[in-house]
Amino acid sequence: MEPETTILAIETSCDETSAAVVVNGTEVRSNIISSQIEIHRRFGGVVPEIASRNHMENLIPVVEEALGTAKVDFKDLDAVAVTYGPGLVGALLVGLSYAKSLAYVLGKPLIGVHHLVGHMYAGFLEYPNLPLPAICLVVSGGHTSLIHIKSHTERSILGATRDDAAGEAFDKVARVLGLSYPGGPSLEKLARRGNPEAINFPRAWLEEGSFDFSFSGLKSAVINYLHHAKQVSKEVNQADVAASFQAATVEVLVTKTINAVQKIGAKSILVVGGVAANGLLRQELKSTGEKIGLPVFYPQPVLCTDNAAMVGCAAYYQYQRREFAPLSLNAIPNLPLY
Ligand code: KG4
Ligand code: ZN
């Protein structure tokens, strides 16, 4: 029998303080997530300094809970993994400094994980035999990217957002509609009562063949529509606005994902990130996937949003390749995908 590899993973790139114990890349012994959503809600978005300060307060209790729940002691750990970018620099530094100190004291390897690679591995955590090559759509509040996963060691970005991330657009549109933060879930709920064809909001396809995204024009179109209606005292059907905005966003995400699949001859589609919780996106991708005979994988919602278990899974594959980081590892807010 293979010896067990037990990894403590830490994620503090944005507003979730998370620690997880993952064994052999698939067995999640614990995945503790302390969300700061309530703290940032009154500001309508994540305030970087407040996020860092909260990670500072929460991290050690969260790690203790992760070890306690997993019934694992520091001495049982084979490695310490941590997200080192991309993300908010002050938030990343809290998790990174802690992980480095711990690895140093324990004399165990440190594994630096790219946040988007972490999101991707939420897929491998639940579906280790996911057919490759795959197209991975990462859709969150911070990212909208299409990744070509060739193998565990080879991947490339086919496209990414040039301005707002899809989740960010959901949050901003929700805000102008007077919905609470984070806007995605409340906007989706409102959209259920609306007509998605009521307003023809613009879809940004960009240049022919481009896999990049742009959502700022769509967001501005919604804001302009609402302003104009207010100026002429026209009553607005908020549910129709929400449904039409959601339909425009989802149409672009689905079309570009399917185009990417066709371009590289993918054998599966993986969707991760907070927006992967969106019902319309799931339904549209699933039915389009079925039509072309391609399986679509969605990790369970808790693994789609920011969490340390996904970091622990990515780290396991890096551990097997002995991809360890030096103790001089720094936080890189704009870390490119390698
Ligand atoms: O992955 P995540 O937890 O954090 C980031 O790394 O950004 O994603 C959060 C984002 C927020 O923008 C939130 O509004 C969006 O995911 N979101 C949704 C839904 N649930 C969460 N967007 C659309 N529909 C949803 N049901
Ligand atoms: Zn994320």
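Quantities reported herein were computed from a predicted structural model and do not represent experimental measurements. (Residues numbered from 1 in each chain as written. Chains lettered and ligands numbered in written order. Predicted model: local features only at pLDDT ≥ 70, side-chain atom pairs only at ≥ 80, totals over all residues. Heavy atoms only, no water.)

1. Brief notes about the overall build of the protein
Of the regular secondary structure elements, the protein holds 11 helices and 10 strands. Over its C-alpha trace the protein gives a radius of gyration of 20 Å, about what one expects of a compact globule, namely 20 Å for 338 residues. For the protein, the C-alpha atoms occupy an extent of roughly 65 × 45 × 30 Å along the three principal directions. By residue count, 54% of the 338 residues in the protein fall in the buried class. Of the accessible surface of the protein, which amounts to about 14600 Å², a share of 52% is contributed by carbon and sulfur atoms. Placing the 28 positive and 32 negative side-chain charges of the protein at their respective mean positions leaves the two points 2 Å apart. (Helix = DSSP H or I, 4+ residues; strand = E, 2+ residues; numbered from the N terminus. Rg over C-alpha atoms; globule rule 2.2 N^0.38 Å. Buried < 20%, exposed > 50% of the residue type's maximum accessible area, 1.4 Å probe, protein only. Areas by Shrake-Rupley, 256 points an atom, 1.4 Å probe, with all protein chains shown as cover. Lys, Arg positive; Asp, Glu negative; His and termini not counted. Charge placed at Lys NZ, Arg CZ, Asp CG, Glu CD.)

2. So, the side chain of T144
With respect to the secondary-structure elements, T144 resides in strand β7 (residues 144-149). Among the residues examined, T144 registers a relative accessible area of 1% and is labelled buried. Not counting chain neighbours up to four residues away, the residues in contact with T144 comprise V138, V139, G159, A160, T161, A165, A166, F213, F215 and L253. (Contact = heavy atoms within 4.5 Å.)

3. Details of the coordination of the zinc ion (ligand 2)
Binding of the zinc ion (ligand 2) to the protein goes through H115 (NE2), H119 (NE2) and D306 (OD), at separations of 2.1 to 2.2 Å. Considering all 4 donor atoms around the zinc ion (ligand 2), angles at the metal cover 89 to 137° and the coordination shape is irregular. Each donor residue of the zinc ion (ligand 2) lies on one chain, and together they are spaced H-x3-H-x186-D. Taken together, the positions of H115 and H119, both in helix α4 (residues 115-126) and 4 residues apart, correspond to about one turn of that helix. Of the two residues, H115 and H119, both sit in the buried class. (Donors = N, O, S within 2.8 Å, 3.2 Å for Na, K, Ca; no water. Tetrahedral: all angles 85-135°; square planar, octahedral: opposite > 155°, others 65-115°.)

4. Some points on the site of ligand 1
Neighbouring ligand 1 are 19 residues; G141, D171, G184, E188 and G274 lie closest to it. A distance of 2.7 Å separates an oxygen atom of ligand 1 from a polar backbone atom of G141. When ligand 1 sits alone it has 550 Å² of accessible area, and the protein chains cover 88% of it. At the level of secondary structure, the elements contributing two or more residues to the shell around ligand 1 comprise α5 (166-176) and α6 (183-191). A total of 4 residues in the shell around ligand 1 trace back to one element, the largest contributor, which is α6. (Near = heavy atom within 4 Å. Polar contact = N/O pair within 3.5 Å; in protein donor to acceptor, adjacent residues only side chain to side chain.)

5. A few points about the nonpolar core
Formed by 47 residues in total, the largest nonpolar core has its most connected members in F201, F245, V271, L281 and L285. When residues of this core are traced back to their parent elements, those giving at least two are β6 (134-139), α5, α6, α7 (216-231), α8 (238-264), β9 (268-272) and α9 (279-291). Ranked by the residues each element gives to this core, the list is headed by α8, at 14 residues. In contact with V271, not counting residues within four places along its chain, are L137, V139, A276, L281, L285, V296, F297, Y298, P299 and C304. Core analysis: the second largest hydrophobic core is formed by 36 residues, A9, A79, I111 and V113 among them. (Core = buried A, V, L, I, M, F, W, Y, C linked by side-chain atoms within 4.5 Å.)

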